[in-house]
Amino acid sequence: MSVEPKLTRFNQTVLSKYQIYNSIFMTLPFDAVTKTGVLLPLFHETCEKGFKNGDDPTTIVNTFFEKYQGRRNKQSQINLLFRFIQYIERQVVLFDAIEDAAFSTVNNMDGVGTLRNLKGNARSEGKLEELKEFLEEFKVRIVLTAHPTQFYPGSVLGIITNLTEAIKNNDLNGINNLFGQLGKTPFFKHKKPTPYQEAKSLIWYLENVFYKTFGDIYNYIQTNIYDDGKKHNDIINIGFWPGGDRDGNPFVKPETTLKVAKKLKKSILKKYHQDLRDLRKKLTFRGVEERIIRLETMMYEYSINLKSKNAISTKELRAELLSIRDIIVEQHQSLYESDINNLINRVHLFEYRFASLDIRQDSRIHHNVFTTVVDSLIASGNSSLPDNYHDLTETEQIEILSKATDDIGDLDAFEDEMVRNTLKTIGVIKKIQKMNGERGANRYIISNNQTALNVMQLFAMLKMVSFKDNLTVDIAPLFETIPDLENAPGVMEQLYQNPEYRAHLEARGNKQHIMLGFSDGTKDGGYLMANWGIYKAKELLTEMSRKYDITAIFFDGRGGPPARGGGKTHNFYSSLGPTIEDKEVQITIQGQTVSSNFGTNDSSQYNLEQLISSGIKNRIDGEKNRMSDDDRAVMNDLAETSYQVYKDFKSHQMFIPYLERMSTLKYYAKTNIGSRPSKRGKSDKLVFSDLRAIPFVGSWSQLKQNVPGFYGVGTALKQYEDRGEWDKVVQLYNNSKFFKTLLENSMMSLTKSFFDLTKYMAKDEEFGGFWTIIYKEYLETERLLLKITGYEQLMENEPAGKASIEVRESIVLPLLTIQQYALKKVQELSKAEVKDEEQIKIFEKIVTRSLFGNINASRNSA
């Protein structure tokens, strides 16, 4: 059977349906919707023509009102702009639902990178046994984080899910009702969510998507690759940050962590109960029915009351299910064997934890907490720590901490709340391990880790508070800035040489978890240097770890857009080569990326399989992915050049003022999408180091400039063109899949840029020169990326992806115009001698409200 090209499938199943359903949405019997639906196309046309003519957003908005709505007063104009925003938000939802519904048609679910394709290739090449061996040791862990990049409230996500299903089934009546619901459901959150509410939102995905897709993937591997029905490596598992991530979030308390862990356990117990209830209807055989009824009753009681007397362990549950399966096979012709196998496999994958809760805190907080603890212990007069502890060298302190056996005692005795909460959290980890199993919470991440002492302070606190001589927690230092990445191998060697820490690693299977931060890396060092810096750090950390017979488990802190390590992520993992440890792929998935890449069963299964196959592809390609010395020299030179260019750009005197006054940066805090503050420090003045990566990257995205995803790339490439050494860059591009993926991801950032929107800034007395610097770098990067790839247009190799971006960008063009119009109004009103505070508030509200649709349409812009 012939298959249409992917772009044709996209046009037929996504674009055509969007045009049809959008016309239906326009005719909803709500007065505001009908009038808005008639006027919005006219405004859209005005925007398109205006930008082609070189008009600025203010002129475009004024032209529209003069031409089509001349009788409206100022207040009525404002009301219409708000209605446009609300209408466009719902158009984005509609497009999301249609694209989700068409996912399995647009994407080949059996094509390259899927398990079926992987198995077929292995069998045809006689490498099926090799594939089985690899799958027994390889793991993929996706870690769901509470980072605030999900701009859809839960109610709207529910509508998208239902609308997707209705569109799949061509249920016109259901679609019509959902359109009506969509028209009346608010998108704006009036209060910030609590950390627990954030956790509940993400647990929805565990219950409604991952429970099924993880099980289906494991079932396929067991049935079609091993073909033996036996228990194998749990190749996929989930990490979880909401409720455990304290870094910069003062609202995450020890009791929050425990509450989330209980919610996770109850959620998985309810899923098991549902499966057992379904099995009860099928397994109505002698010797089986009463046992299934007993299990279902026990699981129901346990899911309601975690202290139920009828509770059984996962080991007992699995043993009982296996026993029932044996009876079915031996006495009942294997009826419904696959159904009971599905449950057995899910119990193996999720146990009673559902997801592994990570704890995270900043090293500087730990240092302050530990200093207080040391002072208290020394003051008590019976501590193993010397009185002059604070005067000792870092090496001497590490030596003492590795052997410290003190008991901290009453944690409530500490006056400082941060000290109490940090120490109590350690006790909570122990409780969760007892309640949900060790893997319920057995990793502690130290963000902003700079030294071996940072690790040993936590090592000592964990043992002193709860774990004594049996530390069942992996300590994962997080290296983020360019200097920290460069120092990381030295930090790890110092730890590996410490006998006590080395003994701890031996007890943990000789594995060391190391986290690397792409978001802050890019913010600190620019696009090329952040990615290359992490690549080199992984190589050196792999070499250092192998020297001490330790397996490094790399955990990548990636966001949605290329500027935060996102984009075509699986391509990076298939291009690592033999010099980087690749036993596991661990990545953070957050906000929009959860809903866009893993929001449906189809997209979740497809993207999980792509991650699994990327690791296998890297192992197969092996030496092919090894960079030659010549290519490394070029890559290093490009990264260093772009780093210097980016540092100069960051230090430009207009850099901070531009973000403060010309972008939407300060409006992120007003969106109420996440529980944690939008910046680290408490100063009213904007300090770059306090700035979080999400609002930083997101603000450039709202400007449609996407600076963090390309800045410095063009200048670095141009040096080779100017020196007559362009062939070296072309050779690197042809030889290195890693470099090729970097450039292709950067192309996505360029494709989502639209400088006509802010071209008016070029004439601004204060910021015109700075805007021009950005625009020139954009043009240079675009020109040279097209030259090196041989493409005539950006993303030429991904026509369907490019088409999707173009439709989304077209939908939000009026929204972007309104946002810039409102920003300009705020600037003008703020400069007036007599400020009209009421008007300023109105236009600031327009800016804030416009963030939602823009972010949601981009799907991976923050």
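For the structure itself, look to the data block above.
One numbering rule holds for all chains: residues counted from 1, following each sequence as written. Two thresholds apply to this predicted model, a pLDDT of at least 70 for residue-level local features and 80 or more for giving and counting side-chain atom pairs, whereas whole-chain, interface and lining totals are computed over all residues. Heavy atoms from the whole structure form the basis of all side-chain values; hydrogens and water molecules are not counted.

Trainee: What's the story with the pairing of strand E6 (residues 511-517) in this structure? I'm lost.
Mentor: Along a regular strand, successive side chains alternate from one face of the sheet to the other. For every residue, the accessible area obtained with a 1.4 Å probe (protein chains only) is divided by the maximum for its type, and the residue is called buried under 20%, exposed over 50%, and partly exposed between those limits. Helix and strand labels come from DSSP, where a helix needs a run of H or I of at least four residues and a strand needs a run of E of at least two; each type is numbered from the N terminus. Burial analysis of E6 places 6 of its 7 residues in the buried class, which makes it a mostly covered element. The rule for pairing is simple: two strands pair if DSSP sees at least two bridges between them. Relative to E6, strand E5 (residues 474-479) runs parallel, the two being bridged by 2 bridges. Looking at E6, one finds that Leu478 is bridged to Met515. Across 7 bridges, E6 lies against strand E7 (residues 551-557) in parallel orientation. Pairing of Gln512 across the sheet is with Ala552, part of E7.

Trainee: So what exactly am I meant to see when it comes to the environment of Gln819 here?
Mentor: If you trace the backbone, Gln819 turns up in helix H33 (residues 799-831). In the structure, Gln819 is positioned 235 residues away from Glu584 in sequence and 43 Å away in space, judged by C-alpha atoms. It only takes one pair of heavy atoms within 4.5 Å for two residues to be counted as in contact. If we skip the residues at most four places from it in the chain, Gln819 touches Thr664, Gln702, Val847, Ser850, Leu851 and Asn854.

Trainee: Whenever I open this one, the pattern of salt bridges confuses me. Can you help?
Mentor: Working definition: two side chains of opposite charge can pair if their charged atoms are close together. Each reported salt bridge corresponds to a side-chain nitrogen of Lys or Arg within 4 Å of a carboxyl oxygen of Asp or Glu. Counting across every chain of the model gives 48 salt bridges. With a shortest N-O distance of 2.7 Å, Glu721 and Arg783 are connected by a salt bridge. Here Glu721 is found in helix H29 (residues 713-722), whereas its partner Arg783 is found in helix H32 (residues 768-789), with 62 residues between them in sequence. The class for Arg783 is partly exposed, based on a relative accessible area of 37%. Members of the salt-bridge network, linked through shared partners, are Asp637, Arg723, Glu725 and Lys728.

Trainee: Is there a simple way to explain helix H8 (residues 154-168) in this structure?
Mentor: Given 3.6 residues per helical turn, the α-helix brings residues three or four places apart onto the same face. What a helix is expected to span follows from its residue count: subtract one and scale by 1.5 Å. With 15 residues, H8 extends 21 Å from end C-alpha to end C-alpha; this agrees with the ideal 21 Å at 1.5 Å per step. Within H8, burial applies to Val156, Leu157, Ile159, Ile160, Leu163, Thr164, Ala166 and Ile167.

Trainee: In this structure, what is going on with unusual backbone geometry? I would like to understand it.
Mentor: Most peptide bonds take the trans form, and the phi angle of most residues other than glycine is negative. Even without glycine at this site, Lys468 takes up a positive phi of about 45 degrees. Summarising the element assignment, Lys468 is placed in the loop between helix H18 (452-467) and E5. You will see that Lys704, though not glycine, has its phi angle at about 60 degrees, which is positive. Judged by relative accessible area, Lys704 falls into the buried class, the value being 3%.

Trainee: How do you make sense of the packing of aromatic side chains when you look at a structure like this?
Mentor: How two aromatic rings sit relative to each other is given by the distance of their centres and the angle of their planes. Pairing of aromatic rings covers Phe, Tyr and Trp, the last counted by its six-membered ring, and requires centre-to-centre distances within 6.5 Å; plane angles under 30 degrees mean stacked, over 60 mean edge-to-face, and any other angle means tilted. This model, assessed by the stated rule, comprises 47 aromatic pairs. Look at Phe134 and Phe138: their rings are 4.8 Å apart centre to centre, the planes differ by 25 degrees, and that puts the pair in the stacked class. On the accessibility criterion, Phe134 (6% relative accessible area) is buried. Members of the aromatic cluster, each reached through a chain of ring pairs, are Phe210, Tyr211, Phe214, Tyr272, Tyr302, Phe350, Tyr352, Phe354 and Phe598. Throughout this description, the term charge over a ring refers to an Arg CZ or Lys NZ atom that lies within 6 Å of the ring centre and within 35 degrees of the ring normal. Just above the ring of Tyr196 sits the side chain of Lys259; from NZ or CZ to the centre is 4.1 Å. Sitting above the plane of the Phe467 ring, Lys430 keeps its charged end 5.3 Å from the centroid.

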